[in-house]
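# Breakdown of the fold
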Amino acid sequence: MSAATHPARGPGDRLTGLFWRRPKLLTALLLLPPLLWLGVVYIGSLVALLVQSFYSIDRFSGLVVPEFTLRTYGELLIPSNFDIILRTVTMAAAVTLAAVVLAFPVAYFAARHAKGRWKAVFYLGVMLPLWSSYLVKVYAWKLILAKEGIVTWAAEGIGAGNVLSAVLATPVIGGNSLSTSYIGTFLVFLYVWLPYMILPMQAALERVPASMLEASADLGAGGWRTLRSVILPLALPGVIAGSIFTFSLTLGDYIIPQIIGSSRFFIGQTVFSLQGTAGNIPLAAAFAVVPIVIMLVYLTLARKSGAFDAL
Amino acid sequence: MRSDGRPPLALTLAAVGGLLFLHLPIVLIFLYAFTTEERSYQFPPPGLTAKWFAVAWNRADIWPPLYLSLRVAAISSAMALVLGTLCAAAMARARFFGRDTVSLLVVLPIALPGIITGMSLRSAFAIGEIPFSTFTIVLGHATFCIVIVYNNAVARFRRLGASMLEASADLGANAFQTFAHVILPNLGSALLAGGMLAFALSFDEVIVTTFTAGQQSTLPIWMLNELVRPRQRPVTNVVAIVVVMATFLPILAAYYLTRGAEETAGGGK
Amino acid sequence: MTPAVEFRSVSRHFGVVKAVDQVDLSIAEGAFFAMLGPSGSGKTTCLRLISGFEMPSAGAVRIFGQDMGSVPPNRRHVNTVFQDYALFPHMSVRDNVAYGLMVRGVARRARLARAEEMLALVKLDGFGDRKPAQLSGGQRQRVALARALVGEPRVLLLDEPLGALDLKLREAMQDELKSLQQRLGITFVFVTHDQSEALSMADRIAVFSEGRVAQVGTPSDIYQRPATRFVADFVGSSNVLPPDLTVALGGPRAWASLRPEAIRLVADGRLTGTVTGARYLGAGTRLMVQAGAPPASIGPRADGGPTDAPRYLGQDENGIAVLVPAGVAVPEVGAEVTLDWEPSALHLMAGEA
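An account of the accompanying structure is given in this report. (Residues numbered from 1 in each chain as written. Chains lettered and ligands numbered in written order. Predicted model: local features only at pLDDT ≥ 70, side-chain atom pairs only at ≥ 80, totals over all residues. Heavy atoms only, no water.)

### Observations concerning the interface of chain C and chain A
The figure often quoted for interface size is the accessible area lost as the parts come together. Heads up, the rule is: By the convention used here, residues are in contact when the closest approach between their heavy atoms is within 4.5 Å. Here the quantity called buried area is the accessible surface, traced with a 1.4 Å probe, that two parts lose on coming together, added over both. Salt bridge criterion: a side-chain nitrogen from Lys or Arg within 4 Å of a carboxyl oxygen from Asp or Glu. Amino acids are sorted into nonpolar (Ala, Val, Leu, Ile, Met, Phe, Trp, Tyr, Cys and Pro), charged (Asp, Glu, Lys and Arg) and polar (every other residue, Gly among them).
On the side of chain A, 14 residues touch chain C, which itself brings 18 residues to the contact. For the pair chain C and chain A, the two sides together bury roughly 1500 Å², of which 56% comes from carbon and sulfur. Among the residues of chain C in contact with chain A, Met 55, Arg 75 and His 77 of chain C are the three that bury the most area, contributing 40% of the side total. The tally of links between chain C and chain A comes to 0 salt bridges. Looking at the side of chain C that touches chain A residue by residue, the classes come out as 8 nonpolar, 6 polar and 4 charged.

### What about the packing of aromatic side chains?
For clarity, the threshold we go by: Pairing of aromatic side chains requires ring centres within 6.5 Å, counting the rings of Phe and Tyr and the six-membered ring of Trp. Pairs whose planes differ by under 30 degrees are stacked, by over 60 edge-to-face, and all others tilted. Starting at the N terminus, helices and strands are each numbered in turn, a helix being any DSSP run of H or I of at least four residues and a strand any DSSP run of E of at least two. We call a residue buried when its accessible area falls under 20% of the maximum for its residue type, exposed when it is over 50%, and partly exposed in between, using a 1.4 Å probe and counting protein chains only. Whether a charge sits over a ring comes down to the Lys NZ or Arg CZ being within 6 Å of the ring centre and within 35 degrees of the ring normal.
Per the stated rule, a full pass over the model turns up 26 aromatic pairs over all chains. Each ring, one from Phe 189 of chain A and one from Phe 266 of chain A, has its centre 6.5 Å from the other, and the planes form 65°; the classification is edge-to-face. Taken together, the residues span a long stretch of sequence, with Phe 189 of chain A in helix α9 (residues 182–206) and Phe 266 of chain A in the loop between α12 (255–259) and α13 (267–275) at a distance of 77 residues. Owing to a relative accessible area of 0%, Phe 189 of chain A belongs among the buried residues under this scheme. Residues Trp 57 of chain B and Trp 63 of chain B carry aromatic rings whose centres are separated by 5.0 Å and whose planes lie at 85° to one another, so their mutual orientation is edge-to-face. Judged by relative accessible area, Trp 57 of chain B falls into the exposed class, the value being 61%. Against the face of Phe 88 of chain C rests Arg 147 of chain C, its NZ or CZ located 4.7 Å from the ring centre. Over the ring of Trp 255 of chain C we find Arg 229 of chain C, and its NZ or CZ is 3.8 Å from the ring centre.

### Considerations on the nonpolar core
Stated formally: Only buried residues count toward a nonpolar core, which is a set of Ala, Val, Leu, Ile, Met, Phe, Trp, Tyr and Cys residues joined through side-chain atoms within 4.5 Å. Segment limits for the domains were obtained from an automatic or database-derived domain assignment.
Of all hydrophobic cores here, the largest spans 195 residues; its most connected members are Leu 49, Trp 131, Tyr 134, Trp 193, Ile 255, Val 271 and Phe 287 of chain A. It is helix α6 (residues 134–170) of chain B that contributes the most residues to this core, 18 residues altogether. For this core, the domains that each give at least three residues are domain 1 (1–47) and domain 2 (79–310) of chain A. Once residues within four sequence positions are removed from consideration, Trp 193 of chain A is found in contact with Val 95, Tyr 134, Thr 246, Leu 249, Thr 250, Asp 253 and Ile 256 of chain A.

### Describing the sheet that holds strand β2 (residues 17–27) of chain C
Neighbouring strands of a sheet are bound in pairs by backbone hydrogen bonds; such pairs are parallel or else antiparallel. Residues and elements named next belong to chain C. Condition: Here, a strand pair is defined by DSSP locating no fewer than two bridges between the strands. Orientation is described by axes fitted as lines to C-alpha atoms, over the contacting stretch for helices, and by angles from 0 to 180 degrees between their N-to-C directions.
Taking strand neighbours across the sheet as the criterion, the 4 strands line up as β2-β1-β4-β5 in an open arrangement whose pairing is antiparallel. The open sheet has two free edges, formed respectively by β2 and β5 (66–67), since each of these has just one partner strand. By the bridge criterion, 2 bridges tie strand β4 (residues 58–63) to β5 in an arrangement that is antiparallel. When the bridges of β5 are listed, Ile 63 appears paired with Gln 66. Against the sheet, helix α1 (residues 43–51) engages β1 (5–14), β2 and β4, with an angle of about 115° to β1.

### Let's talk about the interface of chain B and chain A
What counts is decided by this rule: As used in this structure description, the phrase polar contact means that two N or O atoms lie within 3.5 Å; if the pair is within protein, one of them must be able to donate a hydrogen and the other to accept it, and residues adjacent in sequence are counted only when both atoms belong to side chains.
Taken together, the contact pairs 97 residues of chain B with 98 residues of chain A. A combined buried area of about 9000 Å² lies between chain B and chain A, and 77% of that area is made up of carbon and sulfur atoms. The interface formed by chain B and chain A holds 0 salt bridges in total. Run the count over chain B and chain A and you get 10 residue pairs in polar contact (both at pLDDT 80 or more). Looking at which element gives the most residues to the side of chain B that touches chain A, the answer is helix α1 (residues 9–32) of chain B, with 14 residues.

### Overview of the layout of surface pockets
Gaps left between atoms show up when a probe the size of a water molecule is rolled over them. Here is the rule: Residues are called lining when one of their atoms sits within 4 Å of a cavity or pocket point, these points coming from a 1 Å grid over the protein atoms alone, where a cavity is a set in which a 1.4 Å probe fits but cannot get out and a pocket is an open set with protein on both sides within 12 Å along at least five of seven lines. Grid points are joined across faces, edges and corners, and a volume is the space filled by probe spheres set on the points.
Its boundaries defined by the atoms lining it, the second largest pocket holds a volume of some 1500 Å³. Around the second largest pocket, the lining comprises 40 residues; the ones closest to its centre are Phe 19, Pro 23 and Leu 26 of chain A together with Arg 93 and Leu 165 of chain B. Secondary-structure elements contributing two or more residues to the lining of the second largest pocket are α1 (10–21) and α2 (23–53) of chain A together with α3 (63–93), α6 and α7 (175–204) of chain B. Grouping the constituent residues of the lining of the second largest pocket by class yields 24 nonpolar, 8 polar and 8 charged.

### Some details on a nonpolar patch on the surface
Just so we agree on the cut-off: Patch construction takes residues with relative accessible area above 30% that form no salt bridge. Like charges are linked within 9 Å, and nonpolar side chains (Val, Leu, Ile, Met, Phe, Trp, Tyr) are linked within 5 Å. Using a 1.4 Å probe, the Shrake-Rupley method yields the accessible areas, and only the shown protein chains count as cover for residues.
Taken together, the side chains of Leu 15, Leu 18, Leu 25 and Leu 29 of chain A together with Phe 176 of chain B present a nonpolar region at the surface, about 390 Å² in accessible area. Counting only elements with at least two residues in the nonpolar patch, the list comes to α1 and α2 of chain A. Of note, Leu 25 of chain A is situated in helix α2.

This is the structure we're talking about:
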């Protein structure tokens, strides 16, 4: 042992020396397995999806023709298919807007007024529904919205049975019962994705210093004015982060409209039935590319606005 | 952000109302598991009984899906644990070219709808002529579980800071000793939390699974089939309760494991 | 004798930023050596070059004559007291101190006994079972010190060791560190931006400026005989006189420094001026004096160009700083005063061509 150094003992020390001389080597070694996985399994599959979407199906044999064509994408523009896309995007937008309105008081209260024990109650109160089983949540709404279920019972109990009937009689959004109407689909989407809006919104609101609100009040701004000019703009990154989830999840879901809703298809159901019973994988893939394109545009815009910091 | 001012009544009502909206439907499931009505979702239930728990226990078709779900969740969360931690460690180490791309790549599987992950894997299996198996299900689950572990680990790495690792090296520890004695003990609870959340997520996943399972049935797929073509509705209720409990416990545990830290588990599902 | 630490034209560049630029430095064994400079001057990078957390872009760092180019931090016989102490939060104080022995394979009983000895050395006996979070800032610093010393390093590095402590504690720790260093005989190298800390603790000081060493010397060298304008101004805020003014005040044509405390108020002296400001410091009062009748040479230059002379008249805009000791009558602002000093007090700066 020299005066200035300790001897290297074993491969551990020698590798440490190597990593020290080449710091990028260790970073690369750490990144290799996850990047390999995500690159091969995920990106590879996305590429496979893209490739499939440029194939087409032979009308007579029903077999996939592995040759490049834009015909499958052309089929998306057929009115019956394009309606599905429009219907899904409209639903996603409606759910996102409603989620913003419903999430705001919860997020605001949790960020600004809940303390100590209540803080934990609010946190868990949002986390538990977020993490509890998706299917169970959907199932619960099937119970609630069923014709013989609790909503009908409650509406009749308070003498509002005819109001419910009137709502269900509304064209387009109404239906035979709540569980077979767009209103039902909308409610369940809203319920299931709401926590995804509350959490990022709360995170963004928690970053607004109280002094800033006091400054606004100091300058003579009333409550509503402070809300509109100070709080909402500052909460915006959270809203955008949350909307990424609500919008994307609604675009790609096929189970909720299948279980609760009318018989008209959403993108997700179309993809699922095309790849399954219909065996038309190319068209299913082309349909699946639609939400990707929409979400990529959305993510690019969100990145520019700095919303990723709030994730 | 804190205020000493009392919240306006309307705000309190709206906030509490929002929380109730999130919880009441789940409570309802518990009630329905005891109903005597077998054919419809009648409310209020005409009578209460506990017999459905026994019926569910004796139904042979429930057990294989449960085992499959447990196996898939265990393998997927273990893989996600390794891959997510490695990725977080690399990101904590250095600013390198392509950092933003890596973080985007990790979030993408949950930022894009599950149906895309599912359909992509389905396309790849079709092209590669890969037969469906437990492995194909795990492939999908591990992919979207990585980000859960990653989010938990990356926050803890940030809190650990560079100087603690430097102090360890300064005192003579090599990279492996630093990992064993400093990184792992500080990261442990975050990893446990991340792993449990990943397990819960995988155990409950249905959308991606329907594309990657083929004829196999996980517990969520079994439930889905019961929802579409109900046989004994109260039995489904009993299974739903079991699933709720199986996901609640890891979440509660994850919350307590990461409580007090700046980050708390689960924000990034 | 081989120096404990030696820098041979060492540079560390981060892209275009030259954090350390061609530094030559030699630290003798057993020295209490200070690296002094403002933030961003390269002193901390130099410390990290010794510990091994930075690698030189060019040049060589030697410890006891051995080139460190291929020796990672964990194998250097050097330990560091980190600025934020970097104690391991999940370990007890005793385990923190014993850590360096544990990773080198010292048996449990032996290392814990040794840790207790070290805790006694820093006067923390009985604190071994606590967690770092249960200690005060001063106690944490002692733990960090004990932890760094347990492996008997040949060189101990201290990064702003007293920065996080309050004034009273800082003064106590200064004395303690000094006596500890004398007792152990280990070479101490510490980084600080506080000139009084460097002057009182170190036996040698290197003053850093913009990645380079502006001057190395004993505290009195640095204080009394600054080599450059930067050193004169940064260490003790001396009056910096440009060559023209030095000539006007009776010296040769060269940059000079004049300590505020070397200037006396007299009835008849070398320079007269008007008091433009006064700052009470407790132990004295610092006056700013505007030269009332400036010599021709610090007026507008003969060629009509702008003169930069006033900027170097002391640390403030254009006055000369004078320290009036307590007990001497302080003239009012606006009063006319005459200043005088010993000719030897006018120090010519060799580092300024």
